[in-house]
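Each chain, letter by letter, is given below.
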Amino acid sequence: MDGAFGLKGGLLKGEILLNLDSETEGELYVGCAGGTDANVTLRYAAEAVPAEGYEPMRIEVKGCKGGHSGIQIICQRANANRLLFRLIRMLGRVTDLKLCSVDGGGLRNAIPREAEAVVMVGAGDVQAVERTVEAFEKIVAAEFAGIEDSISVKISATERPESMIPDAAADKLAAAMVACPDGVERMSEAMPGLVETSTNLARVVSDGRCVKMQCLLRSSVNSAKEALGEAISAVMDLAGAATELSGAYNGWNPDMESPILKAMTESYEALYGRKPLVTAIHAGLECGIIGSNYPSLDMISFGPTICYPHSPDEKVEIASVGKFYDFLVHTLRNVPRK
């Protein structure tokens, strides 16, 4: 994507763009979602942890499936960041909880699989806290039954931290994380089964001076993407956090009369005896970015089968690579001339 952003108009001379970046062999992509990054910062003046009367503990949410925040967002998988702060608010009703640090999620375009926080809890409430965490694990396991099969929510003793996030800031942060839009916002009317608009609360991390949060917003409708950005900004405003919306790029609208689409459909049928599936994807493809600077390009995106992208389970189906390569060669031999 960075390379596509840097590719300015006037450099390319071709008329057809073959984008080798789709994840299901036998499918031709003719449209994609645009995206925007929401980078949120909540600043605070760290305070010393209480000298006595509290026990340091580490909360860990693990085992979520995660996955690509565009392709797998429709699967309604658990977001570890959301689960963590939902639990933190629940524990705040059991004990006088002090939030010291948080580290959740990883890549900006991946559904968070893990999140953890270091907290201080009342010394006399440790058992009640442990029971609450155990009960919460059962609750979310039931909620995500059939979707997630190995969610783990644990709490354990840890080393005593030196500082904590002030109570007022921590309370606002937890409320904002629970209220922040996340997941599918709207399905497409034009293409049944396709997500139109979504967002993913990808990253939450503290560094002793501020908490930084990152969301990736996607939509094939630019105005819907902008409205979603305003909604996230409004939630964060209420929490006293600053939101910067950046890195916006447009989606790619399908052209069903595309010459390269017609040629590749015929090539695939000639090679494999069936028509390829023509579809769009709720994810960012370079076509949307490049097409903004080269609006006359005839574009298509295809590739071998890749499973579980942006996760430790990512893999490619070996048999699909040969089919993809043969299809590419056949396409190049039969490129339509303009």
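All of these numbers come straight from a predicted model, not from anything done at the bench.

Draft legend 1. Region of interest: the nonpolar core. Counting 53 residues, the largest nonpolar core has Phe85 and Leu99 as the members making the most contacts within it. Of all the elements, helix 2 (residues 80–91) adds the most residues to this core, at 8 residues. Every residue in contact with Phe85, bar those within four places of it in the chain, is listed here: Leu99, Val102, Leu173, Ala174, Met177, Val178 and Val204. With 16 residues, the next largest nonpolar core counts Ala4, Leu17, Tyr249 and Met299 among its residues.

Draft legend 2. Inspection of the pattern of salt bridges at higher detail. This structure, assessed with the given rule, holds 14 salt bridges. Of the charged contacts in the structure, one is a salt bridge between Lys323 and Glu25, with a shortest N-O distance of 3.5 Å. Linking Lys323 in helix 8 (residues 318–333) with Glu25 in the loop between strand 1 (16–19) and strand 2 (27–32), this pair joins segments that are 298 residues apart in sequence. Since its relative accessible area comes to 28%, Lys323 is described here as partly exposed. The buried category is assigned to Glu25, whose relative accessible area is 13%. Here Asp96 makes a salt bridge to Lys98, at a shortest N to O gap of 3.5 Å.

Draft legend 3. Highlighting unusual backbone geometry. In this model, Gln76 sits at a positive phi of 60°, which is unusual for a non-glycine residue. With respect to the helices, strands and loops of the structure, Gln76 is situated in the loop between strand 5 (54–62) and helix 2. Look at Gln76 and you get partly exposed, because its relative accessible area is 46%.

Draft legend 4. Examining the packing of helix 2 against helix 4 (residues 167–179) more closely. One can describe the packing of helix 2 onto helix 4 by two numbers: an axis separation of 9 Å at closest approach and a directional angle of 130°. Our classification of the angle between helix 2 and helix 4 gives oblique. When the axes of helix 2 and helix 4 are compared, the crossing they make is left-handed. On helix 4, the residues touching Arg82, Phe85, Arg86, Ile88 and Arg89 of helix 2 are Leu173, Ala174, Ala175, Met177 and Val178. Residues of the contact of helix 2 with helix 4, tallied by class, amount to 7 nonpolar, no polar and 3 charged.

Draft legend 5. Summary view of the packing of aromatic side chains. Inspection of every chain in the model, using the stated rule, returns 5 aromatic pairs. Between the aromatic rings of Tyr268 and Phe327, the centroid separation amounts to 5.1 Å while the plane-to-plane angle is 80°, which identifies the pairing as edge-to-face. In this pair, Tyr268 is assigned in helix 6 (residues 259–272) and Phe327 in helix 8, connecting sequence segments 59 residues apart. Both residues of the pair, Tyr268 and Phe327, belong to the buried class. Judged by centre distance (5.4 Å) and plane angle (70°), the rings of Phe302 and Phe327 are edge-to-face. You can see Phe302 sitting in the loop between strand 15 (298–301) and strand 16 (306–307) and its partner Phe327 sitting in helix 8, a full 25 residues away along the chain.

Draft legend 6. Region of the structure containing the pairing of strand 12 (residues 210–219). The buried fraction of strand 12 is high, at 8 of 10 residues. Alignment of strand 3 (residues 34–43) against strand 12, held across 10 bridges, turns out to be antiparallel. Residue pairing for strand 12: Thr41 is matched across the bridge by Lys212. Between the antiparallel neighbours strand 11 (residues 195–206) and strand 12 lie 3 residues, among them Gly208 with a positive phi of about 95°.

Draft legend 7. Highlighting helix 3 (residues 126–143). The terminal C-alpha atoms of helix 3, which comprises 18 residues, lie 26 Å apart, in line with the 26 Å expected from a rise of 1.5 Å per residue. The set of residues buried in helix 3 consists of Val126, Val129, Thr132, Val133, Phe136, Glu137 and Val140. One face of helix 3 carries all of its buried residues, which in axial projection span an arc of 145°. Away from its buried face by more than 90 degrees, helix 3 exposes Gln127, Arg131, Lys138 and Ala142. In this fold, the buried residues of helix 3 make contact with strand 5, helix 2, strand 7 (115–122) and strand 8 (152–157).

Parameters at a glance
- Each chain carries its own residue numbering, running from 1 in the direction its sequence is written.
- A pLDDT threshold of at least 70 governs which residues receive local features in this predicted model, and a stricter bar of 80 or more applies before side-chain atom pairs are shown or counted, although totals over entire chains, interfaces and linings include all residues.
- Here the side-chain values reflect all heavy atoms present in the structure, with hydrogen atoms and water set aside.
- Buried residues of nine kinds, namely Ala, Val, Leu, Ile, Met, Phe, Trp, Tyr and Cys, make up a nonpolar core once their side-chain atoms join them within 4.5 Å.
- The classification of residues rests on relative accessible area computed with a 1.4 Å probe and restricted to protein chains. Under 20% of the type maximum is buried, over 50% is exposed, and intermediate values are partly exposed.
- Secondary structure elements are taken from DSSP: a helix is a run of H or I of four residues or more, a strand is a run of E of two residues or more, and numbering for both begins at the N terminus.
- Any two residues whose heavy atoms approach within 4.5 Å are treated as being in contact.
- By definition, a salt bridge exists where a carboxyl oxygen of Asp or Glu is found within 4 Å of a side-chain nitrogen of Lys or Arg.
- For helices, the fitted axis covers only the stretch in contact; all axes are lines through C-alpha atoms, and the angles between them, taken along N-to-C directions, range from 0 to 180 degrees.
- Between 65 and 115 degrees an angle is taken as roughly perpendicular, under 35 as roughly parallel, over 145 as roughly antiparallel, and anywhere else as oblique.
- The hand of a helix crossing depends on one turn: near helix anticlockwise from the far one by less than a right angle means left-handed, and clockwise means right-handed.
- Amino acid classes used here: Ala, Val, Leu, Ile, Met, Phe, Trp, Tyr, Cys and Pro are nonpolar; Asp, Glu, Lys and Arg are charged; the rest, including Gly, are polar.
- Pairing of aromatic rings covers Phe, Tyr and Trp, the last counted by its six-membered ring, and requires centre-to-centre distances within 6.5 Å; plane angles under 30 degrees mean stacked, over 60 mean edge-to-face, and any other angle means tilted.
- Should DSSP find at least two bridges between two strands, the strands are taken to pair.
- One less than the number of residues in a helix, times 1.5 Å, gives the span that helix is expected to have.
- It is the directions from the helix axis to the C-beta atoms whose arc is reported.

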